[in-house]
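# Geometric and topological summary
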Amino acid sequence: EAEVAQSPRYKITEKSQAVAFWCDPISGHATLYWYRQILGQGPELLVQFQDESVVDDSQLPKDRFSAERLKGVDSTLKIQPAELGDSAMYLCASSLGNTRDTQYFGPGTRLTVL
Amino acid sequence: AQSVSQHNHHVILSEAASLELGCNYSYGGTVNLFWYVQYPGQHLQLLLKYFSGDPLVKGIKGFEAEFIKSKFSFNLRKPSVQWSDTAEYFCAVNQGDYKLSFGAGTTVTVRA
C-alpha cells in the first residue's frame, strides 16, 4: 500500500538554527498538506498545496516558516530561525484533491528545539 | 472558523466494554465529517467518514458513527472494544473547502 514518506523522523536543534523537513506524497495525489501537532492537541493546518500552488497558508508563520512544492510532487517545510515554541510534531498528508477525499498522513517529524 | 470539540480527553475501559466518544462542531452549514485514529507508534489513519445520506456510517474494525445534524454532533461508537483499540482518536470536520479542523483528540486505553 502506498504511503506518505517523511524525513527525518526526529530532529533536535538549537534555538535560532534552521531546520528543514521533507515530504513525498502518495503518487498521483494533487493536494499536499503540512500540519503541526502540539502535544495534547489535534493537528493544525499550516499550508496546503494544490499541485505546486499554495491554496491556504493562513496559519503559516511566514516570518520564519516557508514551504515549497516546486514540481508539484514532493515538498519541503523550512523553519528559520527555530524557536522553543516550534517544538511539535510536523505531519504531512496528501489526497487526490476533492474535499471529501481521505487525507493520508505520513509518520511525521518530531522536532525538539533546545 | 470551524471549531471541533471532543468531550473526553482520556477514556479508560476494560475489554468487551462499549465505547462512545463525543464530537461536536460549530458550523451549521454543510459539513464533511471524519474520525481518524492513531495507534501507538503508527501514523494517523482514517476510521470512517460521512458526507451525506444515512446518518449512521460504518467504518473499519467495527466502529460506527452517528451524525445528528440538530445537535451538531458526530459521535463514534463501538459495541465491544478490544485491547488493540487502544489509540488516540480524532474527530475532524471540513465545510466544503479542503481545510480539516481537528479536535484535540481522545486517548482511549483498553485494559485486558
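Just above, that's the structure.
Residues numbered from 1 in each chain as written. Chains lettered and ligands numbered in written order. Predicted model: local features only at pLDDT ≥ 70, side-chain atom pairs only at ≥ 80, totals over all residues. Heavy atoms only, no water.

### Concerning the overall build of chain B
Secondary structure summary: chain B contains zero helices and twelve strands in total. In sequence order, chain B lays out its α and β elements as β-β-β-β-β-β-β-β-β-β-β-β. The C-alpha radius of gyration computed for chain B amounts to 13 Å, which stays within 12% of the reference 13 Å derived for 112 residues, consistent with globular compactness. C-alpha extents for chain B along the principal axes are approximately 40 × 25 × 20 Å. The burial tally for chain B puts 45% of its 112 residues in the buried class. (Helix = DSSP H or I, 4+ residues; strand = E, 2+ residues; numbered from the N terminus. Rg over C-alpha atoms; globule rule 2.2 N^0.38 Å. Buried < 20%, exposed > 50% of the residue type's maximum accessible area, 1.4 Å probe, protein only.)

### Concerning the packing of aromatic side chains
Residues and elements named next belong to chain A. In the structure shown here, the tally under the stated rule is 15 aromatic pairs over all chains. A ring pair is formed by Phe-21 and Tyr-90, whose centres lie 5.0 Å apart and whose planes are at 35°; its orientation type is tilted. A residue pair is termed long-range when its members are at least 10 positions apart, and Phe-21 in strand β3 (residues 19-24) and Tyr-90 in strand β9 (residues 88-95) qualify at 69 residues. Exposure remark for Phe-21: the relative accessible area of 1% places this residue in the buried category. Since its relative accessible area comes to 0%, Tyr-90 is described here as buried. (Phe/Tyr/Trp six-rings, centres within 6.5 Å; stacked < 30°, edge-to-face > 60°.)

### Things to note about the pattern of salt bridges
When charged atoms on two side chains of opposite charge get close, those side chains can pair. Taken as a whole, this structure holds seven salt bridges over all chains when the rule is applied. As a salt-bridge pair, Asp57(A) and Lys62(A) come within 3.7 Å of each other at their nearest N and O atoms. Look at the salt bridges and you will find they share partners, linking Lys58(B), Glu64(B), Glu66(B) and Arg77(B) into a network. (Salt bridge = Lys/Arg side-chain N within 4 Å of Asp/Glu carboxyl O.)

### As for the side chain of His29(A)
Residue and element names in this part refer to chain A. By the element assignment, His-29 lies in the loop between β3 and β4 (31-37). A polar contact of 2.8 Å, which involves the side chain of His-29, links it to the side chain of Ser-94. Beyond its immediate stretch of four places on either side in the chain, His-29 contacts Arg-69, Ser-94, Ser-95, Leu-96 and Tyr-104. (Polar contact = N/O pair within 3.5 Å; in protein donor to acceptor, adjacent residues only side chain to side chain. Contact = heavy atoms within 4.5 Å.)

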